[in-house]
Amino acid sequence: MRRALAVAAILVLAGISSANAQKVRIGIGALGLTYSETGEDRRWDGGGGAGTLWVRLGRWGIDASGYIAKLKPDSSDVSEFDMVQGDLRASFLIVPLVALETGFGRRSTDPELAAQDVGYWRIGVLSEAELSRIASIWARGAYLAGVKYDGGGTTSLAVEVALGVGVGTANGRFRVRVDYEFQRFDREVDQVELPIQLSLARLGVEVGF
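Let me sum up the structure you'll find in this document. (Residues numbered from 1 in each chain as written. Predicted model: local features only at pLDDT ≥ 70, side-chain atom pairs only at ≥ 80, totals over all residues. Heavy atoms only, no water.)

### Some thoughts on the packing of aromatic side chains
Alright, step 1. Under the definition given, this model contains seven aromatic pairs.
Alright, step 2. Residues Y35 and F81 carry aromatic rings whose centres are separated by 6.2 Å and whose planes lie at 85° to one another, so their mutual orientation is edge-to-face. Here the residue Y35 occupies a position in strand β1 (residues 23–37), and F81 occupies one in strand β4 (residues 81–95), the gap between them amounting to 46 residues.
Alright, step 3. Overall, the relative accessible area of 1% leaves F81 in the buried class.
Alright, step 4. A centroid spacing of 4.7 Å and a plane angle of 55° characterise the contact between W60 and F92, whose relative ring orientation is tilted. One end of the pair, W60, is in strand β3 (residues 60–73); the other, F92, is in strand β4, with 32 residues separating them in the sequence.
Alright, step 5. Among the residues examined, W60 registers a relative accessible area of 53% and is labelled exposed.
Alright, step 6. For F92, a relative accessible area of 30% translates into the label partly exposed.
Alright, step 7. Geometry around W54 places R25 over its ring, the cationic atom sitting 4.1 Å from the centre. (Phe/Tyr/Trp six-rings, centres within 6.5 Å; stacked < 30°, edge-to-face > 60°. Helix = DSSP H or I, 4+ residues; strand = E, 2+ residues; numbered from the N terminus. Buried < 20%, exposed > 50% of the residue type's maximum accessible area, 1.4 Å probe, protein only. Lys NZ or Arg CZ within 6 Å of the ring centre and 35° of its normal.)

### So, the pairing of strand β11 (residues 196–208)
Alright, step 1. Relative to β11, β1 is paired through 13 bridges, and the arrangement is antiparallel. Residue pairing across strands places A30 opposite L203, the latter belonging to β11. (Pairing = 2+ DSSP bridges.)

### Quick notes on a nonpolar patch on the surface
Alright, step 1. On the surface, I28, L131, I134, I137, V165, V167, F174, V176, V178, L203 and V205 cluster together into a nonpolar patch covering about 900 Å² of accessible area.
Alright, step 2. Counting residues per element, the ones that place at least two in the nonpolar patch are β8 (154–168), β9 (174–189) and β11.
Alright, step 3. With three residues, β9 is the single largest residue contributor to the nonpolar patch.
Alright, step 4. Along the chain, the position of V205 falls in strand β11. (Patch = residues over 30% accessible without salt bridge, like charges linked within 9 Å, V, L, I, M, F, W, Y side chains within 5 Å. Areas by Shrake-Rupley, 256 points an atom, 1.4 Å probe, with all protein chains shown as cover. Salt bridge = Lys/Arg side-chain N within 4 Å of Asp/Glu carboxyl O.)

### Side note on the environment of D77
Alright, step 1. Residue position: D77 is located in the loop between β3 and β4.
Alright, step 2. The exposure class of D77 is exposed, given its relative accessible area of 71%.
Alright, step 3. Considering only alpha carbons, one finds D77 and R42, 35 residues apart in sequence, at a separation of 8.7 Å.

### Structural notes on the pattern of salt bridges
Alright, step 1. Scanning the entire structure with this criterion turns up 18 salt bridges.
Alright, step 2. With a shortest N-O distance of 3.0 Å, D63 and R56 are connected by a salt bridge. With respect to burial, D63 and R56 carry one shared label: buried.
Alright, step 3. Linking E181 and R202 is a salt bridge whose minimum nitrogen-to-oxygen distance equals 2.7 Å. Within this pair, whereas E181 is found in strand β9, its partner R202 is found in strand β11, the two being separated by 21 residues in sequence. As far as burial versus exposure is concerned, E181 and R202 are alike and both buried.
Alright, step 4. Through salt bridges with shared partners, a single network forms among R175, R177, D179, E181, R202 and E206.

In structure tokens form, the structure reads like this:
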């Protein structure tokens, strides 16, 4: 419950920041994801619900997102668990279609230590383009820094990439959104490589103001 409240708090705080924004979209949706700790050949698949908040004010932007998912293992050696993820990103448009982006993310599991809880900062690039009055597309990539695992370990490299498309009404009041995201953490524990990967696909609807 505390983790779910933390995700909701991120969305609320971002919403407060958007009070005077020129463009605001709030969305809900469903997702499917795959999580793996490949060094130990452990893999889980599952799905859940997600929320998003998108704000633009001049060259500045805020993207907040969160989801709750239930994951089941592909073998009987490990147990199922719930995953909660929260992300907050701020961007600044430096040239048309290209913005610098920074922010943080936190992923936790229940029961604890069923998989790795992880927190991190990010710095990357976001590109958004309006294809027409009713459609847009975006892509982002980021380097993940300051990675901390509840189970210990270090990270030689951590990255994320994402693609998305939205189609809706010409006035922007309603839109269907589809995203794909991928993360990889090259985790090491006592010089043993235990990389972590997560990929998810999300389908949702948004209301614009």
